[in-house]
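# Structure at a glance
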Amino acid sequence: MASPAEARTVREPAGKAASATPWDVLAAVAGGGAIGSVLRWSTSLVWPGPVSTFLVNVLGCLAIGVLMCVITELVNPHRLLRPFLGVGVLGGFTTFSTYVTDALRLALSAPLAALGYLLATVLCCVLAVFVGITTTRALSRGLRREVA
C-alpha cells in the first residue's frame, strides 16, 4: 500500500522521464502572460489607479469563469489552451498584488475606503466567476436545445 505522500504524487506516463521539464507548457504560460500583462498595462493607461485594478480583476475573473466552464464542460481543448489562456493571459491580466498595493496606498489617506475597496474587489471577483460559469452553462444549454 502506498504512503499518503506517494498517493498524492502525479505519475508521469510510461516512457517519460519523471524529471522532464514541460518546456511547451512553460512557453505557453510565458507567452500568454506577456499578452495579459500588456493588456493590463494598457488598461491602466486608460483608467489609472485603483479603478483600473478593480476593472481588470473583475473582468479577468469573469473571463476565468467562462474559460474554465468552456474547457472543462463543453470542449475537448488542446492541452496547452488552459496554461496559455488561464494561467498565462488571464493570470497576467489580473493583478491581485497591485490590488493590495492600491489598498495600502488608499489606507494611508482613507482607511474606510481602503477596507471597502478590499472587500468589494473580493466579492465582485467571486461573483464574476460565478456569473461567468452560470451564464456560460445557460448559453450552452440553450445552444444544445436549438441544435437538437
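Just so you know, these numbers come straight off a predicted model, no measurement behind them.

## Some points on the UniProt feature "binding site: Na(+)" (unreviewed entry) in the protein
- UniProt records the feature "binding site: Na(+)" (unreviewed entry) at Gly 91 and Thr 94, using the numbering of this structure.
- Considering the arrangement of structural elements, one finds Gly 91 in helix α4 (residues 81-93).
- For Thr 94, the position within the fold is in the loop between α4 and α5 (96-109).
- Dropping the residues within four chain positions of it, Thr 94 is found in contact with Arg 40, Val 56, Asn 57, Gly 60 and Cys 61.

## Some details on the environment of Val 131
- You can see Val 131 is positioned in helix α6 (residues 111-147).
- Ignoring anything within four residues of it in the chain, the contact list for Val 131 reads Leu 62 and Thr 136.

## Examining the pattern of salt bridges
- Under the criterion given, the structure shown has two salt bridges.
- Notably, a salt bridge pairs Arg 79 with Asp 24, separated by 1.9 Å at the nearest N-O pair. With Arg 79 in the loop between α3 (50-74) and α4 and Asp 24 in helix α2 (residues 23-46), this pair connects stretches of sequence that are 55 residues apart.
- With relative accessibility at 54%, the residue Arg 79 sits in the exposed group.
- Arg 137 is the salt-bridge partner of Glu 73, the closest N and O atoms lying 2.5 Å from each other. In this pair, Glu 73 sits in helix α3 while Arg 137 sits in helix α6, placing the two residues 64 residues apart along the sequence.

## Overview of the packing of α2 against α4
- Contact geometry of α2 with α4 gives a least axis separation of 6 Å together with a crossing angle of 30°. By the criterion of interaxial angle, the relationship of α2 to α4 is roughly parallel. The interaxial crossing formed by α2 with α4 has right-handed handedness. Residue-level inspection shows Val 25, Ala 28, Val 29, Gly 31, Gly 32, Gly 33, Ile 35, Gly 36, Ser 37, Leu 39, Arg 40 and Thr 43 of α2 in contact with α4, the latter providing Pro 83, Phe 84, Val 87, Gly 88, Val 89, Gly 92 and Phe 93.
- Partitioned by chemical class, the residues of the contact of α2 with α4 number 10 nonpolar, eight polar and one charged.

Conventions and cut-offs
- Residues numbered from 1 in each chain as written.
- Predicted model: local features only at pLDDT ≥ 70, side-chain atom pairs only at ≥ 80, totals over all residues.
- Heavy atoms only, no water.
- UniProt positions renumbered as here; feature names shortened; annotations may be inferred.
- Helix = DSSP H or I, 4+ residues; strand = E, 2+ residues; numbered from the N terminus.
- Contact = heavy atoms within 4.5 Å.
- Salt bridge = Lys/Arg side-chain N within 4 Å of Asp/Glu carboxyl O.
- Buried < 20%, exposed > 50% of the residue type's maximum accessible area, 1.4 Å probe, protein only.
- Axes fitted to C-alpha atoms, helices over the stretch in contact; angles between N-to-C directions.
- Parallel < 35°, antiparallel > 145°, perpendicular 65-115°, else oblique.
- Left-handed = near helix turned anticlockwise from the far one by under 90°.
- Nonpolar A, V, L, I, M, F, W, Y, C, P; charged D, E, K, R; others polar.

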